[in-house]
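# An overview of the molecular structure
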Amino acid sequence: MSQPAYSVQRSPARFSLFARLLHWTMAIGIVAMLFIGVGMVASVSERHQWLMQIHKPLGVALLALVCIRLGTRLYKGVPALPAALPAWQRQAALASHILLYALMFAMPLIGWAMVSAGGYPVMAGGWQLPAIAPANAALFSWLRGAHRYLAFLLFATVLLHLAAALFHGWIRRDGVLESMTRGR
């Protein structure tokens, strides 16, 4: 079978420890971001500001991590899927990974642009990041809607990814889940 278009022609036997650590660190961060985001939009109390102070730098950190993760994936490749996997499942795996990576890039960039369009600073580790969009109320509103709807799509995609992983681990027992949990 051919390798995905976003991968080099290498196919390691398993994910490296570094790739697995990146995966699980980002998984925890993304799930945290989804819950923090829900908490932010559901609150107008002082908790909103506190959650915002967590949300922004965590988003910047996840953007940096997805850059590292994609670079690692492109450089090292990914383990091949089992040969017995039906073609439609291979295509679904490829499509879901492309969608996950697109959303992992889009969410923090849209959030950053939204905050910029609102005229607010984006702080990360004590540093103020430059605005990546002009201050504009209409743009802020549009980006806020895009950020919200893409968050729903990200949540659905993460759930689908989790369901597929559990299917491989509990039903097929084909080693796909173990390649990311134990490196086998």
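I will try to describe carefully the structure that is included in this document. Because the structure is a prediction, the values reported are computed rather than measured.

### Examining the overall build of the protein
Assigned secondary structure in the protein consists of five helices and two strands. Each helix (α) and strand (β) of the protein, taken in turn from the N terminus, gives the series α-α-α-β-β-α-α. By its C-alpha atoms, the protein is 50 × 30 × 25 Å across when sized along the principal axes. Across the 184 residues in the protein, those meeting the buried criterion constitute 35%. Residue pairs in contact within the protein that sit at least 24 positions apart in sequence constitute 71% of those at least 6 positions apart. Surface accessibility of the protein: about 11,200 Å² in total, with carbon and sulfur atoms responsible for 70%.

### Looking at the nonpolar core
Residues Met26, Ile30, Leu62, Val66, Met104, Leu143 and Leu154 are the most contacted members of the largest nonpolar core, which totals 23 residues. Counting only elements with at least two residues in this core, the list comes to helix 1 (17-41), helix 2 (46-76), helix 3 (87-117) and helix 4 (137-172). Per-element accounting of this core gives the leading share, eleven residues, to helix 3. Dropping the residues within four chain positions of it, Val66 is found in contact with Met26, Tyr101, Met104 and Phe105.

### Details of the packing of helix 2 against helix 3
In contact at an axis separation of 10 Å, helix 2 and helix 3 are set at 145 degrees when each is read in the N-to-C sense. Like other packed secondary-structure pairs, helix 2 and helix 3 cross with a definite hand, here left-handed. From helix 2, Lys56, Gly59, Leu63, Val66, Cys67, Arg69, Leu70 and Arg73 reach across to helix 3, where they touch His97, Tyr101, Met104, Phe105, Pro108, Leu109, Trp112 and Val115. Looking at side-chain class alone, the contact of helix 2 with helix 3 contains eleven nonpolar, two polar and three charged residues.

### Section: the pattern of salt bridges
If you walk through the whole model with that rule in mind, you get one salt bridge. Close ionic contact of Asp174 with Arg172 constitutes a salt bridge, the shortest N to O distance being 3.0 Å. In this structure Asp174 comes out as partly exposed when scored by relative accessible area, which is 22%. Assessed through its relative accessible area of 29%, Arg172 is described here as partly exposed.

### Regarding unusual backbone geometry
Negative phi is the rule for most residues except glycine; trans is the rule for most peptide bonds. One non-glycine residue with positive phi stands out, namely Arg173, at about 50 degrees. Topologically, Arg173 is positioned in the loop between helix 4 and helix 5 (176-181). We classify Arg173 as exposed; its relative accessible area is 65%.

### Focus: helix 2
The end-to-end C-alpha distance of helix 2 is 45 Å, a good match for the 45 Å that 31 residues give at a rise of 1.5 Å each. Where helix 2 is buried, its residues contact helix 1, helix 3, strand 1 (122-124) and helix 4. In the stretch just after helix 2, Gly77 is the one whose phi turns positive, near 80 degrees.

### Thoughts on the packing of helix 1 against helix 2
It is at 9 Å that the axes of helix 1 and helix 2 come closest, and there the two elements cross at 150 degrees. It follows from the interaxial angle that helix 1 and helix 2 lie roughly antiparallel. Pair helix 1 / helix 2 crosses with left-handed handedness. Of the residues assigned to the contact of helix 1 with helix 2, the class counts are 16 nonpolar, nine polar and one charged.

### Here we look at the side chain of Lys56
Relative to the assigned elements, Lys56 resides in helix 2. It is Glu46 that comes nearest to the buried, bridge-free Lys56 among opposite-charge side chains, at 18 Å.

### Re the environment of Ala61
Summarising the element assignment, Ala61 is placed in helix 2. The spatial distance from the C-alpha of Ala61 to the C-alpha of Ala13 is 29 Å, given a sequence separation of 48 residues.

How each quantity is defined
Residues numbered from 1 in each chain as written. Predicted model: local features only at pLDDT ≥ 70, side-chain atom pairs only at ≥ 80, totals over all residues. Heavy atoms only, no water. Helix = DSSP H or I, 4+ residues; strand = E, 2+ residues; numbered from the N terminus. Buried < 20%, exposed > 50% of the residue type's maximum accessible area, 1.4 Å probe, protein only. Contact = heavy atoms within 4.5 Å. Areas by Shrake-Rupley, 256 points an atom, 1.4 Å probe, with all protein chains shown as cover. Core = buried A, V, L, I, M, F, W, Y, C linked by side-chain atoms within 4.5 Å. Axes fitted to C-alpha atoms, helices over the stretch in contact; angles between N-to-C directions. Left-handed = near helix turned anticlockwise from the far one by under 90°. Nonpolar A, V, L, I, M, F, W, Y, C, P; charged D, E, K, R; others polar. Salt bridge = Lys/Arg side-chain N within 4 Å of Asp/Glu carboxyl O. Expected span 1.5 Å × (residues − 1). Parallel < 35°, antiparallel > 145°, perpendicular 65-115°, else oblique. Lys, Arg positive; Asp, Glu negative; His and termini not counted.

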